[in-house]
Structure formats: C-alpha cells, structure tokens
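# Survey of secondary and tertiary structure
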Amino acid sequence: MPYGWSRRAFLSAAGGGALLFGAAAGPAAAEPGADAYEGMRAVWRRLFLGDGFSASAEPFRTRLAASGEEAARWVGSMAPTPESLWPDLGFATDPEKLMQSFYRLRAMAEAYVRPGTGLTGDASLLAALLTGLDHLHARAYHAGQVRYGNWYCWQIGAPQALLDLCVLLYAELSAERRADFCAAVDHFVPDSAVASYSGTSTGANRVDLCRVLALRGVVGADPAKIALARDALAPVFPYVTSGDGLYRDGSFVQHTWVPYTGTYGAVLLGGLGLLFGLLRGTTWEVTDPGARIVFDAVERAWAPFLFNGLVMDAVSGRAVSRGIAAADARQVQQDDHTRGHAVLAAILLLAEGAAPGDRNRWRGLVKGWSARDYYSRPMADRSLPLSALARMAALDADSSVVAVPEPVGHRLFPSMDRATHRRPTWAASLSLASRRIAHYETGNGENTHGWHTGSGMLSWWGSTYGNGQYADAFWPTVDPYRLPGTTVARKALADGAGGDWGASRPDAVWVGGTTDGEFASVGQHLRGLGSTLEARKSWFFLADTVICLGAGIRASDGVAVESVVDNRNLGATGTHDLIVNGATQPSTPGWSARFAAPGWAHLAGFGGYVLHGPGSFRALRETRTGRWSEVNRDGATTALTRRYVTLWFDHGTDPVGAGYACQILPGATAAQTSARAAAPGWWSVLANTEAAQGLAVRSLGFTGVNFWQAGAVGPLEADGPCSVTVRERADGTASVWVADPGRTLGALTVVWNRPVAAVVSRPPSVVSAEAGARLRLRFGDLTTAAGSGQEVVVRLG
C-alpha cells in the first residue's frame, strides 16, 4: 500500500498515546513483543524501499532492471580473498573500501527483494549475499576488530548498510548470523558513541548514529537500544550558539566551522524523517517538543538555499568536489542539482510525520522546486533511491497540491557567513569567511582547490537560464584563483592549503551585514588564505542588481592581485557573444583585452555588468581542461573541457589601497546594461574607503553603509564599526536596520540625519531613541545579538 500517514492514521497507530511534539503521553505501554519488532521492520522496509509505484511504469521499470543487471555484475565479479570481497575494493588498509563492499551487498539485496529486477528471490543471488556477509564479518567487521582509518566507515557507513541488509534479508538470515552482526555493530558503535554531544557525535552525525542504534535494536529486539537512540536525538534539536547544529538565524553548521545546509543538512533531515517514521506509533515515539525547531527550520534554514531544484554550493562544503567518482561503475555525477534533489526527498520524508499545515506547505514547496528544475529533472536523477522517486511521483500526481513559486527576499545567515538574495527572475548566494567560518573545507582528499570560496564568492542563477552554471563540470575546470566575486592574490597554493576540516579560518571578525528582508548591505573584512592580502569588500543587494565595492586592497606577496567580477561557464562549446561598450568582441578562445573604466559589458544568455573602475578592467575567453581527480582524490580521471568568459579588475602586483566598483545585472539585455551605465545619477556612492563603504539609491528609498570604523557617511553616523541599512517607504515610514557583524560592541550610537516625527517601534537592544530634526539611536550590548540586525521603525517628519 502507498506509504503516507494521515493525521487520523497516526492517531490510530499511536494508540491514543503522545503525538510527535504533542501533548502528554497516555498510559505506559506494555513490553513490546516480537510482533512489534516485525512491525517496525516492515515500516523500515517501506521507508527504505518505497511503495505505491508500479514496477512497470517509468522510471521505475528501467531503474529496477538496471538494479538487477548491476547485482548480476557484482555476483559475477565477487572473488573473496583475505583482504577483499571484490578485487577493486581491498579493505585491508582502507575502511572506505570495506564500507563500499557493504554498499554493494545492500544494492544486491535490493535486487533480491524488489519485484521487477529480474533477480527477485534468485537463489544464486541469495547465496552470494550470504557468502559476502559472512566474508566481511570474518575478515573485517566483527567484534574484537581494531578500527583503522576513517571513523565514519566503522560507525556510520558500514553499520547502516549492514543493518539495512539484516532487515531486508531478515527471514533468510539465521539467528546466529543476526546475533553475530549485532555484536559487530555493538563493538564499533557502543552506547558510549552517543554519551557526549561532542566530537563526531553532533548534528547530522548524531542522527546517523541514532539510526544505527535504533535499527540495531529492531534487528536484535533490544528495547534499550531503541530507547537510547530516541533519547540521544535530544541534543540535536535545540538551537546552538557555537559549533555544530542549527542556529536561531537559520544557519546550519557541521564540522564546527563549515556551512553545511546542503549535504549534512540533507542527511539530518532525511535521517530524522526515517527515525520519526520508524518510531511513530511505538513505545519509543519521539515526543520531545524541541523537535519542533527542526520542523520550523525547513522553511527558515533549508528553503532559502533551494532554487529551481538545486541547493546552492555555498552550503555544501567539500561535497562540491565529488562530481563523478572513479569507482562508480555507473558514472553518475553529483552536483548542486542532485544534492538539491536529496534535500527535496528529505523534506518529503520528514513531511510524512509533520502536522497537516506543515506537510501541505512543504509539499507545495517541493512540487514547485521540482517542476522548475528544467536543467536536471528529479525524476531522471539516477542518484535518488527508488523510495525517493516514489514519493516524488506521488507528489507530482497529487493534483490537490499546488506548486509554490520562488519567493522574493533577502536572507542573512550571520552564524555561517552566508547570504541569499531572491528576485522574481534570479537568485544569488554569497560565501564569506571569518574567525567563525572557514574559507573552505577540505578533508579526505576532497575539495583540494576550494581555497578562495570564502573570499567573497558570488554565485547567481536565472529562473530560466544558467541553471547548469556550477553543475556542468565547474569545479574541476574553473580557474580556482578566479572564482566569481572574489578578491585573490594569485599566490600558488598547495592542494588542501590551510588545513583539513575547516582549519582555514582568517583572523577577521567584521563579516556580515543588515537586511530589511528585501534588500541588503553585506560586508567582509577579507584576509587572504595563505597570503598577506587584506581588503574591505561590500555587496549591496537590490532590485535588479548586486552592487560590489572594494577598498583598501593591499598585499606584499610579489604576485598579482585581482578582483573577479564574474567567471561564467559557457559549457563545452559555448560561443556566447560578449559586448563591451557597444562593440562585439572576438569569440576566439584565448582572446583577452583590457578596457578603460568606467565601461560596461554584456554576455549573451546571462546578463550585464557596469564596471565603474577605477582604472581599467580585463576580459578573457578561455578553454580550460580539468579532471574531477584533480580536486578530489577519488574523482574520475576523464578529461573535461569547458569554455569560460571572465571579467576582472587587475590591481597589479603588491597593490596598496586599491579598490573597485561594479554592478552585476542578472538577466539584463545589452540595451538595459548600456542604459544603466549611462545613468550615473541612478545611484550615489557615498563612500568606498577602508573606513566605510556605502551607497544610496533614491528611487528605491535605500541607503546602506558598512562602517569599518566610527565615522560619518552621507546622512548616517556611527560611533563604532557596524552595518546600517535604511529603507524609506511611500507611506511615510522607514526602517533602520543596525547590526554589529564583529560582535564586539558593548554600546553603539547611530545617527540618521533625516527629520523623524516619531519612533514607531524599537527592539530591546535600543536603550534610547530620540526623534526630531534627526534620529539618534543608542544601543546597549550588541554582542549577544550574534550579528543579527536590529530594526527600528520610524514615522518620517
């Protein structure tokens, strides 16, 4: 039957006990019997395998047949030796190969139990499965084995696959085998693995460990293990103020220093969805009211980073380098779209246990994201399991669910140095770094060239164009010293420079900004990775443009320093026209030129750029070849070639106090770009120095200033470093947003030299507010605001 829990079915299954995040529980349940564990195994099989789809319908028919063919290949190539089960997966010194061996067995078990694979119930396949399980148990994964290599393989990857196998093949496994396998799991994942919420037992990793413990309890009929798994989830739910977990501002951090909404975030959501589903209606029902925080985070933390089905690379850590793995026989590429689809699948899974209001909203969001992903259709995603495809197909067929359109607005995430901007026809993300957040993450030989991601990488996509910009072999082929939006010293860096697991944190604290929810002023005190580079950078996110300012750019490394306006991936054969100052430039790869600023450029199929200078800007067409193995040690070695158009400001070698100003106009035509360049009165740069950066756009009622130190800029004054955004409205009111991105201010005074009749509202952080010929705001301690903006609403005089 289709898997889906209505509220009524949930109440019935719970036997009148506590609802998830609900009221007090009813009478204590009796000790569960064998049928309770069998029921939980049945639930897990439905969750893991999916149901409600026809094995003869596409894409299920093709996927099931491919599953059988793959399983047959694994049976044919299995050749047990003391150090391997398959010749290409020697596990004697590499536990990742052991984990991959379990993954192969699990895929074979799916072919055995699923209908339509051609090997359903096949005796020879079952014999191979039992041989493989016994071999891995005897040679590597058993009680008493000393762990080596990556901890994840022993405590999460291998035991999850082993326990899935135990559920799928439960009837075919002897009680002795099941006991041995449970003992192996107990050895590598003892109860102490969740005794402390620290180290590798936090966030998504903790959820994964709880999944292991819960399923171990189900397979071994051990109620204490299941109860431990449920209770060990509790530390995952509350907001955190440092380290791993969810923050009040919507940030999600893993590995202490790395924004990870996209990958570990998907694991956390999907893992919780599985556990909530497994435990629902049982003695171990999850009733912790803190879990409501995770449900709220779907729209506060995950939705802002999803666009047209993709999840922005800014929050996917080292996973951006995974691409195509050398060991993957199917050669399925991972990218921002496949990672996005995994998040969509996790949200659908979590929705099964949500209240009707949440469930309906989320399904509408997922339907919209899925429908708009024209570049990479979720139902054609070979990396999604069939269970996820079944839920996607059911959602698509449900005419009662209306697809929700992309939102419009701006979101700042101070706790992970990220920002997203959403307009009706495009979206953007910004990646920064500070003492709190790493420049990038490398580790396990992954993402070895991601050095400058946190140096202001500005990514953007159109609603109907450019959605493959970063999915189409971007990371192995792009010049890693010219990531779009960054200011970089072109000093050669070694693979993994800066250190593993987020060690590459700069000595800078002023990173963040202010937003009224639509427009924003964002800034970064940039300190380069592995260089002496220092700069002040600001981005002002507006209606049809992102205005970028740079000042105080200096370095002394004896190399060129550049600020990259953009670096567009044209694909393997792209010849998009580039117009500069009205003249079409050559389309020959290798062409390069320098142009005097101010000027403008337009790249067909993407948008326009207004380059205010100072000095000059440069443009380049180039063809670049790279391999996934060059950015990830396990990546495929196949050569990939892509064409790029790059625009940048060349500050020369060892600049002292250099700067720039430019506008990016996503989706603009050449005529619109030329018109903006010819309208200098449209905006006013109030300051672009090491002391402050700010601008005003009268037609938008916008004034934004990032004060790097106390001073006065245009109509604004501040007696300390801060960010201020002002929005004046047609109804005679205005909002003044103030933030302390550095989190150092015990007091702050901000003055707006504009007649103000009255203060309509103010937050508790404002200790006094004086209206009149000007507005004077005195703030108390802002350090506890964790970089978040404080809004004061006034009625204008």
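Rules behind the numbers
- Residues numbered from 1 in each chain as written.
- Predicted model: local features only at pLDDT ≥ 70, side-chain atom pairs only at ≥ 80, totals over all residues.
- Heavy atoms only, no water.
- Helix = DSSP H or I, 4+ residues; strand = E, 2+ residues; numbered from the N terminus.
- Rg over C-alpha atoms; globule rule 2.2 N^0.38 Å.
- Buried < 20%, exposed > 50% of the residue type's maximum accessible area, 1.4 Å probe, protein only.
- Contact = heavy atoms within 4.5 Å.
- Areas by Shrake-Rupley, 256 points an atom, 1.4 Å probe, with all protein chains shown as cover.
- Phe/Tyr/Trp six-rings, centres within 6.5 Å; stacked < 30°, edge-to-face > 60°.
- Lys NZ or Arg CZ within 6 Å of the ring centre and 35° of its normal.
- Pairing = 2+ DSSP bridges.
- pLDDT = per-residue confidence, 0-100.
- Core = buried A, V, L, I, M, F, W, Y, C linked by side-chain atoms within 4.5 Å.
- Axes fitted to C-alpha atoms, helices over the stretch in contact; angles between N-to-C directions.
- Salt bridge = Lys/Arg side-chain N within 4 Å of Asp/Glu carboxyl O.
- Polar contact = N/O pair within 3.5 Å; in protein donor to acceptor, adjacent residues only side chain to side chain.
- Parallel < 35°, antiparallel > 145°, perpendicular 65-115°, else oblique.
- Left-handed = near helix turned anticlockwise from the far one by under 90°.
- Nonpolar A, V, L, I, M, F, W, Y, C, P; charged D, E, K, R; others polar.

## Topic: the overall build of the chain
Scanning the chain from terminus to terminus reveals 16 helices and 35 strands. The C-alpha radius of gyration computed for the chain amounts to 28 Å, which stays within 12% of the reference 28 Å derived for 797 residues, consistent with globular compactness. Dimensions of the chain along its principal axes, counting C-alpha atoms only, are 80 × 65 × 50 Å. Buried positions account for 60% of the 797 residues belonging to the chain. The contacts in the chain between residues at least 6 apart in sequence include a share of 70% that link residues at least 24 apart. When the accessible surface of the chain is totalled, it reaches about 27400 Å², and 53% of it is carbon and sulfur.

## Focus: unusual backbone geometry
Note the cis peptide between E58 and P59, where omega equals 5°. When you line up the elements, P59 lands in the loop between α2 (34-49) and α3 (60-77). Residues A597 and P598 are joined by a peptide bond in cis, for which omega reads 5°. Its location among the elements puts P598 in the loop between β18 (592-596) and β19 (599-603). Despite not being glycine, D417 shows a phi value in the positive range, around 55°. Mapped onto the elements, D417 comes out in the loop between β6 (409-413) and β7 (418-423).

## Let's talk about the packing of aromatic side chains
The tally for this structure, following the rule as stated, stands at 26 aromatic pairs. Put simply, the rings of F102, Y141, Y148, W154 and F188 pair up and form one aromatic cluster. Here R104 stacks its cationic end above the ring of W86, 5.2 Å away from the centre of that ring.

## Topic: the pairing of β19
Burial of β19 is extensive: five of the five residues sit out of reach of the surface. Of the two faces of β19, the one lined by G599, A601 and L603 and the one lined by W600 and H602 are each fully buried. Pairing between strand β16 (residues 578-580) and β19: three bridges, direction antiparallel. Within the sheet, the bridge partner assigned to I579 lies in β19 and is H602. Counting the residues that bridge the hairpin from β19 to strand β20 (residues 607-613) gives three residues, and of these G605 lies at a positive phi of roughly 85°.

## Some words on the confidence of the model for the chain
Scored by pLDDT, the chain comes out at a mean of 94, with 96% of its residues at no less than 70. Contacts for the low-pLDDT stretch residues 1-29, under 50 throughout, to residues beyond four places or in other chains number 50 contacts.

## What to know about the nonpolar core
Counting 147 residues, the largest nonpolar core has F102, L105, M108, Y141 and L268 as the members making the most contacts within it. For this core, the element with the highest residue contribution is helix α6 (residues 151-168), accounting for 11 residues. When residues no more than four places from it in sequence are discounted, the contact partners of Y141 are L98, F102, L136, W154, A158, P159, L162, A184, V185 and F188. By size, the runner-up hydrophobic cluster in this structure holds 46 residues, among which are V559, V565, L570 and L603.

## Things to note about the sheet that holds strand β31 (residues 748-752)
In spatial order, the strands read β27-β28-β31-β34-β33; together these five strands make up an open sheet with antiparallel pairing. Each edge of the open sheet carries a strand with a single partner, namely β27 (711-713) and β33 (766-770). For this sheet, the mean angle separating the axes of adjacent strands, direction not counted, is 15°. Judged from the four bridges that link them, β33 and strand β34 (residues 775-779) form a sheet pairing that is antiparallel.

## Structural notes on the sheet that holds β7
Pairing between the strands of a sheet is mediated by backbone hydrogen bonds and can be parallel or antiparallel. Read across the open sheet, the four strands follow the order β6-β7-β8-β9; overall the sheet is antiparallel. The strands lining the two open edges of the sheet, one partner per strand, are β6 and β9 (457-462). Strand after strand, the sheet turns through a mean of 10° between neighbouring axes, direction not considered. In this structure, β7 lies alongside strand β8 (residues 426-431), joined through six bridges in antiparallel fashion. Across the sheet, the residue bridging to R423 is W426, located in β8.

## Remarks on the environment of P614
Looking at the secondary structure, you find P614 in the loop between β20 and β21 (616-626). Taking relative accessible area as the criterion, P614 reaches 58% and is therefore assigned exposed. With near-sequence residues (within four places) excluded, P614 lies in contact with G659 and Y660.

## What to know about the pattern of salt bridges
Per the counting criterion, the structure on display carries 45 salt bridges. For the salt bridge of R61 with E58, the shortest nitrogen-to-oxygen distance reads 2.7 Å. On the basis of relative accessible area, E58 is assigned to the partly exposed category, the value being 43%. Among the ionic pairs, D358 bridges to R292, the shortest N-O distance being 2.6 Å. Residue D358 is located in helix α13 (residues 356-372), and its partner R292 is located in helix α11 (residues 292-302); the two are separated by 66 residues in the primary sequence. Overall, D358 belongs to the buried group, its relative accessible area being 7%. For R292, a relative accessible area of 27% corresponds to the partly exposed category. What you see here is one network of salt bridges that share partners, running through D186, D191, R216, D222 and K225.

## Some words on the side chain of T442
When you line up the elements, T442 lands in the loop between β8 and β9. Polar contacts involving the side chain of T442 include one to the main-chain carbonyl oxygen of E446, which spans 2.6 Å. Setting aside anything within four residues of it in sequence, one finds T442 in contact with R318, N447, T448, G496, G499, D500 and W501.

## Quick notes on the packing of helix α5 (residues 123-139) against helix α7 (residues 175-188)
Look at α5 against α7: their axes get within 11 Å of each other, and the N-to-C directions meet at 40°. Considered as vectors, α5 and α7 are oriented oblique to each other. α5 and α7 meet at a crossing whose hand is left-handed. Where α5 approaches α7, its residues L130, L133, D134 and H137 are matched on the opposing element by R177, D180, F181 and A184. Across the contact of α5 with α7, the residue classes break down as four nonpolar, one polar and three charged.

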